[in-house]
Amino acid sequence: MTTNEMWGGRFAQGPAAIMEEINASIDFDRRLYAQDIAASKVHAAMLAERGIISQADAAAISGGLDTIKAEIDQGKFTFSRKLEDIHMNVEARLKELIGDAAGRLHTARSRNDQLATDFRLWVRDAIDSLDARLVAFQRALVAKAATHAATVMPGFTHLQTAQPITFGHHLLAYVEMAARDRARFASTRACTNDSPLGSAALAGTSFPLDRDATARGLGFMRPMRNSLDGVSARDFALEFLSACAIMATHLSRLAEEIVLWSSPAFKFITLSDAFSTGSSIMPQKRNPDAAELVRAKCARVTGSLVTLLGVMKALPLAYAKDMQEDKEAVFDAADSVALALAAMTGMIGDLKVNEIAMRRVAGEGYSTATDIADWIVRVLKKPFREAHHITGRIVAMAEARGCGLADLTLKELQSVEPGIIADIQSVLSLDASVASRTSFGGTAPDRVREQVRYWQEQLK
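The sections below set out a description of the structure shown in this document.

Scoring rules and cut-offs
Residues numbered from 1 in each chain as written. Predicted model: local features only at pLDDT ≥ 70, side-chain atom pairs only at ≥ 80, totals over all residues. Heavy atoms only, no water. Helix = DSSP H or I, 4+ residues; strand = E, 2+ residues; numbered from the N terminus. Contact = heavy atoms within 4.5 Å. Salt bridge = Lys/Arg side-chain N within 4 Å of Asp/Glu carboxyl O. Buried < 20%, exposed > 50% of the residue type's maximum accessible area, 1.4 Å probe, protein only. Axes fitted to C-alpha atoms, helices over the stretch in contact; angles between N-to-C directions. Parallel < 35°, antiparallel > 145°, perpendicular 65-115°, else oblique. Left-handed = near helix turned anticlockwise from the far one by under 90°. Nonpolar A, V, L, I, M, F, W, Y, C, P; charged D, E, K, R; others polar.

Here we look at the environment of A116
Thinking step 1. Tracing the backbone through its elements, the reader meets A116 in helix α6 (residues 111-147).
Thinking step 2. With 68 residues separating them along the chain, A116 and A48 place their C-alpha atoms 22 Å apart.
Thinking step 3. Setting aside residues no more than four positions away along its own chain, A116 makes contact with P196, G230, V231 and R234.

Considering the environment of E412
Thinking step 1. Inspection of the secondary structure assignment puts E412 in helix α16 (residues 410-416).
Thinking step 2. As a C-alpha pair, E412 and A398 span 14 residues in sequence and 9.5 Å in three-dimensional space.
Thinking step 3. Here E412 is in contact with M397, R401 and D407, once residues within four sequence places are set aside.

Description of the pattern of salt bridges
Thinking step 1. One pass over the structure, following the stated rule, counts 27 salt bridges.
Thinking step 2. With its nearest N and O atoms 2.8 Å apart, the salt bridge here joins R222 to D194. Taken as a pair, R222 in strand β4 (residues 222-223) and D194 in strand β3 (residues 194-195) lie far apart in primary sequence, 28 residues in all.
Thinking step 3. On the basis of relative accessible area, D194 is assigned to the buried category, the value being 18%.
Thinking step 4. In this structure, the salt-bridge partner of D446 is R449, at a minimum N-O distance of 3.3 Å. With a gap of three residues between them, D446 and R449 both fall in helix α18 (residues 445-458), about one helical turn apart.
Thinking step 5. Since its relative accessible area comes to 35%, R449 is described here as partly exposed.
Thinking step 6. Taken together, the shared-partner salt bridges connect E71, R93 and E96 into one network.

Side note on the side chain of E71
Thinking step 1. Tracing the backbone shows E71 in helix α4 (residues 55-73).
Thinking step 2. Once residues lying within four places of it in the same chain are set aside, the contact partners of E71 are K76, F77 and R93.

Side note on the packing of α6 against helix α7 (residues 167-192)
Thinking step 1. Axis separation between α6 and α7 bottoms out at 9 Å; the angle between their running directions is 165°. With respect to α7, the axis of α6 lies roughly antiparallel. In this structure, α6 crosses over α7, and the sense of that crossing is left-handed.
Thinking step 2. Grouping the constituent residues of the contact of α6 with α7 by class yields 18 nonpolar, four polar and eight charged.

Right under this line is the structure:
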């Protein structure tokens, strides 16, 4: 065996094959290359500005790093597992390009603060990308809601028909969830946006660094105030995974509804061939596989969060190699939610609504019963609890007759409550019920259109 040239001064021999296998992270942390190179360029410029290295060396380092980035961008770079990680791969190639000056780049820093910096930059970029995808998802929902602001559908509780609502109102609920997802990511970005660069291995460094300059150069708000925290903190990654998991849960709920709505039992919507698959044995099948896979992504993302919580829960300060397991969980979660968002955005824009089926089910289950109770409160001035009891008896009568509430005669209604007059019929239709829900945030079509206009303005 030969020594590892990056840290072999202490070691007479190189690592065992199995050690090399478990220790290498280049297979996944190569994704940090753009962030690693950007941070290295800023670090080298600061070192030169502070007189720690020469301007000539800094220029050579910057030019070499630009060459390496171009090589990786173009797929011409050869990554080596023997060099463990992205940092060592870049530095080794830099030495091939510019010679001994490459060795000056690592002055006053450690792979610990280097990685912490790269990882924060990557998470920050991932948040920006996901926010753009969330905006596209919201716009698709708002556009569909505008078309169906008055389309009546059943509102469910316990998956039982509860009250009639509109499809537009239902879709706008997910716009609100996505807005909170965006707020969580924005909060996570703010907590991520402090620079660990200059923390070195754990204790800081004796070199006269300008940490404010490197923080500014990388778009961070400020340098982190404690070097131990700088290299060991992964709460930003946990916050990111938490935000991803919550968003994935929202997407999974909508995916579940798409699966239900597209089933023959509901027939509320139809997905086109673009977001459906067939069966290898049953030619009649149209399966909502895209929605099902979005639903499954939620478990995967939640698993990533639990994985990193488990990794971090018992680590003493500062850095431990356990933290190498942080990146795969974050990368996988980011990939999963990005794909799920794209698929869901496509499905929302693609789906066709069966308004007849929605209206039919909305009228089942005595869904306008609450409207009767509300009418009794308004017109007969009864307490709501009494009105609720009266309405329950009316529903029982309709159920015994096997008819709808609107099919009961005035005489039958008066047999339960003598004060009822013919005007009660005005609240028993689905459209009247929906139109009456005019409270702020309610399902009345005018209120839905109001919220559509609000979100169209917000999402410009």
